[in-house]
Amino acid sequence: MQRTMTTTALVDPRTATVEGATRESLAGLGREALGERLASIGVPERQLRMRVSQLWGWIYVRGATSFDHMTDVAKDLRQTLAARFSLDRPEIVSEQVSVDGTRKWLLRLADGKDVETVYIPEEDRGTLCISSQVGCTLNCTFCHTGTQRLVRNLTAREIVGQIMLARDRIGDWPGAVPDDPAGLPSGARKITNVVLMGMGEPLYNFDNVRDACAIAADGAGLSISKRRITLSTSGIVPEIPRWGDEAGTMLAISLHAVRDTLRDELVPINKKWPIRALLDACRAYPGLSNAKRITFEYVMLKGVNDSIADAKALVKLLAKIPAKINLIPFNPWPGAPYECSDWEQIEKFAEVVNRAGYASPVRSPRGRDIMAACGQLKSASLKQRASERLGGAPA
Ligand code: SAH
Ligand code: SF4
């Protein structure tokens, strides 16, 4: 069946208010924070551990959206919880489904800021691409997110909330039935992998991203193993060893150039931490082995970084590092100063990389029709406001 792109505007029917005040959501909190909230409503110290485990199972294993469902929690406690707290996820402003099954959600956070989350289904896996910041402070010249000026860190709850609402929308909780099963992976789990490749530089929001990954990886909860979570960084070198020690997820590096002069231009943070320092940090990444390789991302920009000499230099540069290479066809956005390399050139480049022993290195672009591909994410409200300022129609 040919799928057509659809866009749906959704308003969260569960927006919860008590006497005009919004109740704090417990969905996305860690065990410690959950314990504090329970103590604040008078749960005795000696019961806290048990109550936290009960809530943990309801929130993260079963995806409960109402305290009423928590049948093994005493009724009066359920009522107190419901009076003080909610289980809301970030509000979904719109949902777009690409012809290739990719889904993109525009989310509105409590302070009115927007972020995007993308789900990419494949036959044997489903990858959720989540955001770590509103916008990004770095200005990589080929990235749409980098052109957004407004930036703030997401909280751990907002990061975990993206996983929870994606599971809601695609029916990925035990016993749930997807609204639209077409194109979803065949296995029991629909979200098998999480990548921090949405908006933002995750290592600039270290603590919240680390805490969110710990909640996602918790074996008694969402259970997305650290081997299936990948953090992508533009190269915040001092944070790389710390990330390995404290979070230990898989790592992806946005390399994009093999010479400092060019990388300084494409990924300006390179001026602070050049290629050599970056690769030294990669070599020392805790747990690095042939079974746990670092992925090097390389965006294919026509006439800029896509020569055969660049390909040869790339494999030489990475020779002694257990690595995967991921060639990303440049995803264009309005006003972008680059073009995607010609397909022929990408193939020639890939052949050099293949011959050096790296398997199928080209990432097929997904969700292009809904601007869901890598580096295209940007807050829609911001685009809209900008176009209003210019007197044009909303983007
Ligand atoms: N800030 C982090 C993670 C988010 S970007 C980072 O830079 O790694 C995720 C990936 O998309 C990065 O490799 C980034 O360089 C790449 N990317 C950004 N804009 C792109 C574009 N327009 N086309 C293709 N890839 C892009
Ligand atoms: Fe930020 Fe990554 Fe985009 Fe660079 S590529 S501007 S680091 S989101």
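Calculation notes
- Numbering of residues starts from 1 in every chain and runs along the sequence as written.
- The order in which chains are written sets their letters, starting at A; the order in which ligands are written sets their numbers, starting at 1.
- Per-residue local features of the predicted model are confined to residues with pLDDT of at least 70, and side-chain atom pairs are confined, for both listing and counting, to 80 or more; whole-chain, interface and lining totals are unaffected and use all residues.
- Hydrogens are left out, water is left out, and the side-chain values use all remaining heavy atoms of the structure.
- Every case where a carboxyl oxygen of Asp or Glu lies within 4 Å of a side-chain nitrogen of Lys or Arg is listed as a salt bridge.
- A run of H or I in DSSP becomes a helix once it reaches four residues, and a run of E becomes a strand once it reaches two; helices and strands are each numbered from the N terminus.
- For every residue, the accessible area (1.4 Å probe, protein chains only) is compared with the maximum for its type, and the residue is labelled buried under 20%, exposed over 50%, or partly exposed between those bounds.
- To estimate how far a helix should extend, the number of its residues minus one is multiplied by 1.5 Å.
- Note that the arc is computed from the directions linking the helix axis to the C-beta atoms.
- Residues count as neighbours in contact if any of their non-hydrogen atoms are within 4.5 Å of one another.
- Grid points spaced at 1 Å and placed over the protein atoms alone form the basis of the search, with a cavity being a set where a 1.4 Å probe fits but cannot get out and a pocket an open set showing protein on both sides within 12 Å along at least five of seven lines. Lining residues have an atom within 4 Å of a point.
- Grid points are joined across faces, edges and corners, and a volume is the space filled by probe spheres set on the points.
- Throughout this entry, Asp, Glu, Lys and Arg are counted as charged residues, while Ala, Val, Leu, Ile, Met, Phe, Trp, Tyr, Cys and Pro are counted as nonpolar. The remaining residues, Gly among them, count as polar.
- We call a residue near a molecule or strand as soon as one heavy atom of that residue lies within 4 Å of the molecule or strand.
- We define a polar contact as two N or O atoms separated by no more than 3.5 Å, with the added condition that, inside protein, one atom must be a possible hydrogen donor and the other a possible acceptor, whereas residues neighbouring each other in sequence contribute only through side-chain atom pairs.
- Computed with a 1.4 Å probe, the accessible areas rest on the Shrake-Rupley method; for each residue, only the protein chains presented here act as cover.
- Stacked, edge-to-face and tilted are the three classes for Phe, Tyr and Trp ring pairs, Trp counted by its six-membered ring, which pair at centre distances within 6.5 Å; planes under 30 degrees apart are stacked, over 60 edge-to-face, the rest tilted.
- Counting as a charge over the ring demands two things of the Lys NZ or Arg CZ atom: a distance within 6 Å of the ring centre and an angle within 35 degrees of the ring normal.
- Patch membership needs two things, relative accessible area over 30% and no salt bridge, and members are linked within 9 Å if like-charged or within 5 Å if nonpolar (Val, Leu, Ile, Met, Phe, Trp, Tyr).
- Positive residues here are Lys and Arg, negative ones are Asp and Glu, while His and the chain termini are left out of the count.
- A charge is said to be at NZ when it belongs to Lys, at CZ for Arg, at CG for Asp and at CD for Glu.

Where do I start with the pattern of salt bridges in this structure?
One side chain can pair with another of opposite charge once the charged atoms of both are near each other. A full pass over the atoms with the stated rule returns 23 salt bridges. Here Glu95 and Arg169 are joined by a salt bridge, their closest N and O atoms 2.9 Å apart. With Glu95 in strand 6 (residues 91–97) and Arg169 in helix 4 (residues 156–170), this residue pair connects regions lying 74 residues apart in the sequence. Judged by its relative accessible area of 26%, Arg169 is partly exposed. With a closest N to O distance of 3.6 Å, Lys104 and Glu116 form a salt bridge. Within this pair, whereas Lys104 is found in strand 7 (residues 103–108), its partner Glu116 is found in strand 8 (residues 114–121), the two being separated by 12 residues in sequence. Judged by its relative accessible area of 2%, Glu116 falls in the buried class. Sharing partners across several salt bridges, the network here consists of Asp207, Arg210, Asp211, Glu239, Arg242 and Glu246.

In this structure, what is going on with helix 10 (residues 343–355)? I would like to understand it.
Two residues of an α-helix separated by three or four positions point the same way, owing to the 3.6 residues in each turn. Along its 13 residues, helix 10 runs 18 Å from first to last C-alpha, staying within 8% of the 18 Å computed at 1.5 Å per residue. Regarding helix 10, the residues found buried are Gln345, Ile346, Phe349, Ala350, Val352 and Val353. Down the axis of helix 10, the sector holding all buried residues measures 155°, keeping them to one side. In helix 10, the exposed residues that point more than 90 degrees away from the buried face are Glu344 and Arg355. Residues of helix 10 that are buried sit in contact with strand 15 (294–300), helix 9 (308–317) and strand 16 (323–329). Positive phi appears at Gly357, one or two residues downstream of helix 10, with a value of about 105°.

Even after reading the chapter, I still don't get empty space enclosed by the protein, so can you show me in this structure?
Space left empty within the atom packing is revealed by a probe, the size of a water molecule, rolled over the atoms. Counted according to the given criterion, the structure contains two cavities of 30 Å³ or more. Here the second largest cavity is characterised by a volume of approximately 50 Å³. For the lining of the second largest cavity, the secondary-structure elements that each account for two or more residues are helix 4, strand 12 (193–196) and helix 5 (206–217). Broken down by class, the residue content of the lining of the second largest cavity amounts to 10 nonpolar, no polar and no charged.

What is the right way to look at the site of ligand 1 in this model?
Neighbouring ligand 1 are 21 residues, the closest being Gly200, Ser232, Ser254, His256 and Asn331. Note that an oxygen atom of ligand 1 is positioned 2.7 Å from one of the side-chain N or O atoms of Ser232. Between His256 and ligand 1, the recorded distance is 2.6 Å, taken from a side-chain N or O atom to an oxygen atom. For ligand 1, whose free accessible area comes to 530 Å², the fraction covered by protein is 96%. Of all the secondary structure elements, the ones that give two or more residues to the shell around ligand 1 are strand 13 (229–233), strand 15 and strand 16.

What am I meant to see in the packing of aromatic side chains here?
Each pair of aromatic rings is reported with the distance of its centres and the angle of its planes. Scanning the entire structure with this criterion turns up four aromatic pairs. On the basis of an interplanar angle of 80° and a centroid distance of 5.3 Å, the ring pair of Phe206 and Trp243 is categorised as edge-to-face. Highlighted residues: Phe206 in helix 5 and Trp243 in helix 6 (residues 239–246), separated in sequence by 37 residues. Residue classification places Phe206 among the buried positions, given a relative accessible area of 4%. Look at Tyr298 and Phe349: their rings are 5.2 Å apart centre to centre, the planes differ by 35°, and that puts the pair in the tilted class. Taken as a pair, Tyr298 in strand 15 and Phe349 in helix 10 lie far apart in primary sequence, 51 residues in all. Comparing Tyr298 with Phe349 shows no difference in burial state: the two are buried. Arg31 extends its terminal NZ or CZ atom over the ring of Trp56, reaching a point 4.3 Å from the ring centre. A cation over an aromatic ring shows up here: Arg242 above the ring of Phe206, its NZ or CZ 3.7 Å from the ring centre.

Explanation requested: a positive patch on the surface in the structure shown.
On the surface, Arg125, Arg189, Arg228 and Lys324 cluster together to form a positively charged patch. Look at Arg228 and you get partly exposed, because its relative accessible area is 43%.

Just checking my understanding: could you explain helix 4 for this structure?
Between its terminal C-alpha atoms helix 4 stretches 22 Å, which fits the 21 Å expected from 15 residues at 1.5 Å a residue. Counting buried residues in helix 4 gives 12 out of 15 residues, a clear majority hidden from the surface. For helix 4, the complete set of buried residues consists of Ala156, Glu158, Ile159, Val160, Gly161, Gln162, Ile163, Met164, Leu165, Ala166, Arg167 and Ile170. Of the residues trailing helix 4, Gly171 is marked for its positive phi of about 65°.

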